[in-house]
Amino acid sequence: MGLTASVLAIDAGNSKTDVAVLAADGRVLATARGGGFRPPTVGVPAAVDELARAVALACSAAGVDSVSHVSACLANADLPVEEERLAAALHARAWGATVEVRNDTFAILRAGAAEPRGVAVVCGAGINCVGMRPDGRTARFPALGRISGDWGGGWGLAEEALWFAARAEDGRGEPTELARTLPAHFGLDSMYALIEALHLERLEHPRRHELTPVLFATAADGDAVARAVVDRLAEEVVTMASVALSRLDLLDQETPVLLGGGVLTAGHAQLDDRIAELLAVRAPKAVARVVTASPVLGAALLGLDRLGAAAEAGERARSHWEV
């Protein structure tokens, strides 16, 4: 009969899944990587099957059959009811005695915080914000796009840039270099040509995300319209963070605000500076920090927290990912 480990940590995003098996003292026994987790596209059973492949690899490498607790931070677990359904699906796989599913933004938060206390804003393909306190209280937003009041994320920024560029070219809007830089990125000579290529799907849909770095580069070159879009993102990030801090009664306490996701970790000077300026006014005690550690560390720490592990266990786990 195989061994039993303490925590099976899962961080599953839209594009990839990271899995780790940990002992009770925080030692990382094995890790594995799998494909993306997309239940809205493929259905819950198929999405969990994808997780299962990475879990099997990690458990086999660790020499374990089961764990005490499964700590899973999953993309597309945007509402508590979705977390409950996914937890039931994972529990049915019998990977561990207990299962807790959280939205994957919680992994970024816990990976960047010394304790389960703080707020995280993640801006990658989309945008999301969560907060937590050691007493179990949390703050979160549905993060379902425009229907839940969200703006931002890689595609939201690309879409906004396209809107301004199209209107600039045909005269409905103010001039902006975006009308040149966006089509030029794809070797095209006009926004009309880019609009046609997107509409007729001559450009594959995922390539639209390439427009976000073009937006930031155009802003860095001084274009007023592009800079306004970047400033709007900073406003959105700080609004989400300050509201989450207020909900948790942390606005007047020194509290980490962790920034994660491709857009917020890319080192865009204008965005970083504007976020710092706005936080200084609206949440002066917030301590903003970019999270560069692997999010699966956050899932692991949440699992160790759940089991009441000693602080040394968390430090040992952190040392595995933070070199």
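Residues numbered from 1 in each chain as written. Predicted model: local features only at pLDDT ≥ 70, side-chain atom pairs only at ≥ 80, totals over all residues. Heavy atoms only, no water.

J.: What is the right way to read the packing of helix α5 (residues 153–170) against helix α9 (residues 224–247) from this model?
T.: The geometry of a pair of packed helices is captured by two quantities: the angle between their axes and the separation between those axes. For the pair α5 and α9, the least separation of the axes is 11 Å and the interaxial angle reads 150 degrees. If you check the angle between α5 and α9, you find them roughly antiparallel. Here α5 and α9 pass one another in a crossing that is right-handed. Contact residues: α5 offers Leu 157, Glu 160 and Phe 164, while α9 offers Val 225, Val 229, Arg 232 and Leu 233. Split by residue class, the contact of α5 with α9 holds five nonpolar, no polar and two charged. (Axes fitted to C-alpha atoms, helices over the stretch in contact; angles between N-to-C directions. Helix = DSSP H or I, 4+ residues; strand = E, 2+ residues; numbered from the N terminus. Parallel < 35°, antiparallel > 145°, perpendicular 65-115°, else oblique. Left-handed = near helix turned anticlockwise from the far one by under 90°. Contact = heavy atoms within 4.5 Å. Nonpolar A, V, L, I, M, F, W, Y, C, P; charged D, E, K, R; others polar.)

J.: Any chance you could explain the layout of surface pockets here in plain terms?
T.: Any empty space left between atoms is shown by rolling a water-sized probe over those atoms. Each pocket or cavity is described by its volume, and for the largest pocket that value is around 1300 Å³. In terms of lining, the largest pocket is formed by 39 residues, of which the most central are Asn 14, Gly 124, Ala 125, Gly 126 and Ile 127. Elements that contribute at least two residues to the lining of the largest pocket include exactly β1 (3–12), α4 (105–112), β7 (127–132) and α5. Element by element, the count of residues in the lining of the largest pocket is highest for α5, at four residues. Taken together, the residues of the lining of the largest pocket break down into 13 nonpolar, 18 polar and eight charged. The computed volume of the second largest pocket comes to approximately 190 Å³. If you go around the second largest pocket, the residues you meet are Arg 110, Ala 114, Leu 301, Leu 304, Asp 305, Ala 309, Ala 310, Ala 311, Ala 313, Gly 314, Glu 315 and Arg 318. Elements that contribute at least two residues to the lining of the second largest pocket include exactly α11 (295–306) and α12 (311–321). The element contributing the most residues to the lining of the second largest pocket is α12, with five residues. Here the residues of the lining of the second largest pocket sort into seven nonpolar, one polar and four charged. (1 Å grid on protein atoms, 1.4 Å probe; cavity = no way out; pocket = protein on both sides within 12 Å on 5 of 7 lines; lining within 4 Å. Points joined across faces, edges and corners; volume = space filled by probe spheres on them.)

J.: Can you help me understand the pattern of salt bridges in this one?
T.: For the structure on display, the rule yields 19 salt bridges. A salt bridge links Glu 210 to Arg 207, with the shortest nitrogen-to-oxygen separation between them at 2.8 Å. In this structure Glu 210 comes out as partly exposed when scored by relative accessible area, which is 27%. Because the salt bridges share partners, they merge into one network encompassing Lys 16, Asp 18 and Arg 33. (Salt bridge = Lys/Arg side-chain N within 4 Å of Asp/Glu carboxyl O. Buried < 20%, exposed > 50% of the residue type's maximum accessible area, 1.4 Å probe, protein only.)

J.: Just checking my understanding: could you explain the sheet that holds β7 for this structure?
T.: The pairing of strands in a sheet comes from backbone hydrogen bonds and takes either a parallel or an antiparallel form. If you trace the five strands from one edge of the open sheet to the other, you get β8-β7-β6-β9-β10, paired in mixed fashion. Looking at the sheet topology across the chains shown, the edges are occupied by β8 (138–140) and β10 (286–290). Geometrically, the sheet is characterised by an average inter-axis angle of 15 degrees between neighbouring strands, direction not taken into account. Pairing between β7 and β8: three bridges, direction antiparallel. Residue pairing for β8: Val 130 is matched across the bridge by Arg 140. (Pairing = 2+ DSSP bridges.)

J.: Where do I start with α5 in this structure?
T.: Side chains that are three or four residues apart share a direction in an α-helix, a result of its 3.6 residues per turn. Spanning 18 residues, α5 covers 26 Å between terminal C-alpha atoms, matching the ideal 26 Å at 1.5 Å per step. Within α5, the full set of buried residues consists of Gly 153, Gly 154, Gly 156, Leu 157, Ala 158, Glu 160, Ala 161, Leu 162, Ala 165, Ala 166 and Ala 168. Against the buried residues of α5 lie β6 (118–123), β7, α6 (178–185), α7 (191–199), α8 (211–220) and α9. Among the residues trailing α5, Gly 171 stands out with phi positive, at a value near 95 degrees. (Expected span 1.5 Å × (residues − 1).)

J.: Is there a simple way to think about the packing of α9 against helix α10 (residues 269–282) in this case?
T.: Running from amino to carboxyl end, α9 crosses α10 at an angle of 40 degrees, the nearest separation of the two axes being 9 Å. Taken as axis vectors, α9 and α10 run oblique relative to one another. Like other packed secondary-structure pairs, α9 and α10 cross with a definite hand, here right-handed. When α9 is examined against α10, the residues Arg 227, Val 230, Asp 231, Leu 233, Ala 234, Glu 235, Val 237, Val 238 and Thr 239 are found in contact with a partner set consisting of Gln 270, Leu 271, Arg 274, Ile 275, Leu 278, Leu 279 and Arg 282. Per-class residue counts for the contact of α9 with α10 are nine nonpolar, two polar and five charged.

J.: Where do I start with the side chain of Arg 110 in this structure?
T.: Along the chain, the position of Arg 110 falls in helix α4. Given a relative accessible area of 5%, Arg 110 falls into the buried group.

J.: Would you take a moment to explain the nonpolar core for this structure?
T.: Taken as a class, soluble globular proteins show a tendency for nonpolar side chains to be buried jointly. Judged by nonpolar contacts, the single largest core of 53 residues is most densely connected at Leu 182, Leu 233, Leu 271 and Ile 275. Top contributing element to this core by residue count: α9, with twelve residues. Among all residues touching Leu 182, those that are not within four sequence positions of it are Ala 161, Leu 162, Ala 165, Met 191, Leu 194, Leu 211 and Val 214. If you look at the next biggest cluster of nonpolar residues, it comprises 31 residues, including Ile 10, Ala 47, Cys 59 and Leu 90. (Core = buried A, V, L, I, M, F, W, Y, C linked by side-chain atoms within 4.5 Å.)

J.: Hey, could you run me through the packing of aromatic side chains in this one?
T.: Two measures describe an aromatic ring pair: the distance that separates the ring centres and the angle between the ring planes. Scanning the model with the defined rule gives one aromatic pair in all. With centroids separated by 5.0 Å and ring planes inclined at 90 degrees, the aromatic side chains of Trp 163 and Phe 164 adopt a geometry described as edge-to-face. Judged by its relative accessible area of 46%, Trp 163 falls in the partly exposed class. One Lys or Arg, Arg 102, reaches over the ring of Phe 106 and ends 5.1 Å from the middle of that ring. (Phe/Tyr/Trp six-rings, centres within 6.5 Å; stacked < 30°, edge-to-face > 60°. Lys NZ or Arg CZ within 6 Å of the ring centre and 35° of its normal.)

The analysis is restricted to geometry; functional conclusions fall outside its scope.
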